[in-house]
Amino acid sequence: MPDDCEDPLSSVVALLRPSVSISKMVEGGGAWQVERRDAASPFYCAIVEGGCRLQVTGRAAVTLKAGDFVLIPDLHGFTMTSAVPPPPQVPRLPLETGPGRFRLGPVAADIDMRALVGHCQFAAPARDLLVSLLPEMIHVSGHDRLMALVPVIHEETRADRPGRRLVLERLLEVLLIEAMRSGPGVDMPPGLLRGMSDPQLAAALQRIHADAAGDISVARLAKEAGLSRSGFFDRFRREIGRAPMDYLTDWRMAIAKTLLRQGGVTNAEIARRIGYGSASAFGLAFARREGLSPGAFSRDSAR
C-alpha cells in the first residue's frame, strides 16, 4: 500500500501490482504477420534489431525500429507485420523454436528483426480506474534505460531463482514508471501524465496522493496550485480529464478496494485512512460509487 508515497505516478503503479505473465524473444525474417484479437492485457515491446509495423486496434499503424520501446497499458488486439506485409494467405502463427523464443516468417528466410515482447497482468481490484489515468500507448525511441530493463525482465522470467516473483514485480514497476516518465507529458492525452507535466496541477495531484485522508477541497487545491478556484477547476478537468473532486473520490476508492481485498481492516479504519468521518459515511460513498457495499465487494473478491 502506497500510504506514504507522495509521488502520484509511483502510487498508481504500486496499486496496479504488475506481474509478468509472458516474456519472449520474437525473431522475424522475410514477410510475416502475427495477430491477436483477445489479448486483454498490458503489453510492451522492445525492438532489439531491425524493424516492423505495429497496428493496435482502433489506432493508426506505427513503424518501429531498433531502439524503440512501446507500452500499451490495456491492449485488446493488435497486428504486427514485417516492414512489407505478406499476402493474405501467408500463415500467421509463430513457430516456437525454444523456451520463450518464437520465429515469424519463412524458416528459410534470414532473420532481420528481433524483439523482446512481454504481456503482464495488473492485480489491482481498481485496475480499470487506474488504467484510465494512463495514456493508451507510449512509444519511445532511443531510451537506453528502458532497453536495458527489458532483457533483465526476460532473463528473470526464464530463470527459476529464489525471490523471482518479487523481483519481477519490482522490475515491472520500474519499467512502467520509466516508460511513463520518458516522454513529454504535454503531448499526452488528458490524464495523470499530462497533469504531472503542469507544475501547478502537479502540486495539487501530489497533495491528493500524499494525503487522501486530508481535508481536501477545490479551494484548498487551487490555493496550493496558485490559481483561482474557477481557473484551477477548468484547468484540472481539461488536462486530467475529470473534475478535481471526482479524481479525489476515484483515488480514495482505489485505495479502499485494495484494502478491502487484502482483508483484515475494518470499514472504520478504511474510512479514517481515506478521509471519511465514519464507517457509515464511507459505506454510503462506496456503494454510491461502486454499486455495492464494501462488505459485498469483499465477499466477491474472496471468491
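Coordinates for the structure precede this section.
Right, let's walk through the structure included here. These numbers come from a predicted model, not from an experiment.

## Description of the sheet that holds strand 7 (residues 78-81)
- The antiparallel open sheet is built from 4 strands, whose spatial order is 2-7-4-5. On the outer flanks of this sheet lie strand 2 (33-36) and strand 5 (62-65), each paired with one strand and no other. Pairwise comparison of adjacent strand axes, ignoring direction, gives a mean angle of 20° for this sheet.
- Pairing between strand 4 (residues 51-56) and strand 7: 4 bridges, direction antiparallel. In the strand pairing of strand 7, Gln55 is matched with Thr79.

## Details of helix 4 (residues 164-180)
- Look at helix 4: 24 Å from first C-alpha to last across 17 residues, which is about the 24 Å you get at 1.5 Å a residue.
- All of the buried residues along helix 4 are Leu168, Glu169, Leu171, Leu172, Glu173, Leu175, Leu176, Ile177, Glu178, Ala179 and Met180.

## Some details on the packing of aromatic side chains
- As enumerated under the stated definition, the model contains 7 aromatic pairs in all.
- Where Tyr44 meets Phe69, the ring centres are 6.5 Å apart and the plane angle is 20°; that geometry is what we call stacked. Taken as a pair, Tyr44 in strand 3 (residues 41-49) and Phe69 in strand 6 (residues 68-75) lie far apart in primary sequence, 25 residues in all. Phe69 shares its class with Tyr44; the two are buried.
- When the ring of Phe286 is compared with that of Phe297, the centres are 5.7 Å apart and the planes differ by 70°; the resulting orientation is edge-to-face. One end of the pair, Phe286, is in helix 11 (residues 279-290); the other, Phe297, is in helix 12 (residues 294-302), with 11 residues separating them in the sequence. When sorted by exposure, Phe286 lands in the same class as Phe297, which is buried.
- Among the aromatic residues, ring-to-ring pairing joins Tyr276, Phe282, Phe286 and Phe297 into one connected group.
- The positively charged end of Lys24 is found above the aromatic ring belonging to Phe102, 5.1 Å away from the centroid.

## Brief notes about the state of the cysteines
- Inspection of every chain in the model, using the stated rule, returns 0 disulfides.
- Cys52 carries a free sulfur, and the closest cysteine sulfur to it, the one in Cys45, is 5.9 Å from it.
- With no disulfide partner, Cys120 has as its closest neighbouring cysteine sulfur the one in Cys45, 13 Å distant.

## Description of the packing of helix 6 (residues 199-210) against helix 8 (residues 229-240)
- Put simply, helix 6 and helix 8 touch, their axes get as near as 11 Å, and they point 85° apart. The pairing of helix 6 with helix 8 is recorded here as roughly perpendicular in orientation. In this structure, helix 6 contributes Gln200, Leu201, Ala204, Leu205 and Ile208 to the contact, and helix 8 contributes Phe232, Arg235, Phe236, Glu239 and Ile240.
- Grouping the constituent residues of the contact of helix 6 with helix 8 by class yields 7 nonpolar, 1 polar and 2 charged.

## Here's the deal with the environment of Gln206
- One can find Gln206 in helix 6.
- Look at Gln206 and you get partly exposed, because its relative accessible area is 35%.
- Each C-alpha atom of the pair Gln206 and Glu155 lies 35 Å from the other, and the pair is 51 residues apart in sequence.

## Some points on helix 7 (residues 218-225)
- Within helix 7, the full set of buried residues consists of Val218, Leu221, Ala222 and Ala225. For helix 7, the angular spread of buried residues about the axis comes to 100°, placing them on one side.
- Residues of helix 7 that are buried in the fold lie against helix 6, helix 8 and helix 9 (244-262).
- Positioned one or two residues after helix 7, Gly226 has a phi angle of 75°, which is positive.

## Quick word on the sheet that holds strand 8 (residues 95-98)
- The mixed open sheet is built from 7 strands, whose spatial order is 8-9-1-10-3-6-11. Looking at which strands have only one partner, the edges of the open sheet turn out to be strand 8 and strand 11 (138-141). Neighbour-to-neighbour, the strand axes of the sheet open up by a mean angle of 25°, direction not taken into account.
- Both strand 3 and strand 10 (residues 113-122) contribute to a ladder of 6 bridges, which runs antiparallel. Along strand 10, the bridge assignment pairs Tyr44 with Gly118.
- Contacting strand 1 (18-28), strand 3, strand 6, strand 10 and strand 11, helix 3 (residues 144-158) crosses the sheet at an angle of about 105° to strand 1.

Thresholds applied
- Residues numbered from 1 in each chain as written.
- Predicted model: local features only at pLDDT ≥ 70, side-chain atom pairs only at ≥ 80, totals over all residues.
- Heavy atoms only, no water.
- Pairing = 2+ DSSP bridges.
- Helix = DSSP H or I, 4+ residues; strand = E, 2+ residues; numbered from the N terminus.
- Axes fitted to C-alpha atoms, helices over the stretch in contact; angles between N-to-C directions.
- Expected span 1.5 Å × (residues − 1).
- Buried < 20%, exposed > 50% of the residue type's maximum accessible area, 1.4 Å probe, protein only.
- Phe/Tyr/Trp six-rings, centres within 6.5 Å; stacked < 30°, edge-to-face > 60°.
- Lys NZ or Arg CZ within 6 Å of the ring centre and 35° of its normal.
- Disulfide = S-S within 2.5 Å.
- Parallel < 35°, antiparallel > 145°, perpendicular 65-115°, else oblique.
- Contact = heavy atoms within 4.5 Å.
- Nonpolar A, V, L, I, M, F, W, Y, C, P; charged D, E, K, R; others polar.
- Arc of directions from axis to C-beta.

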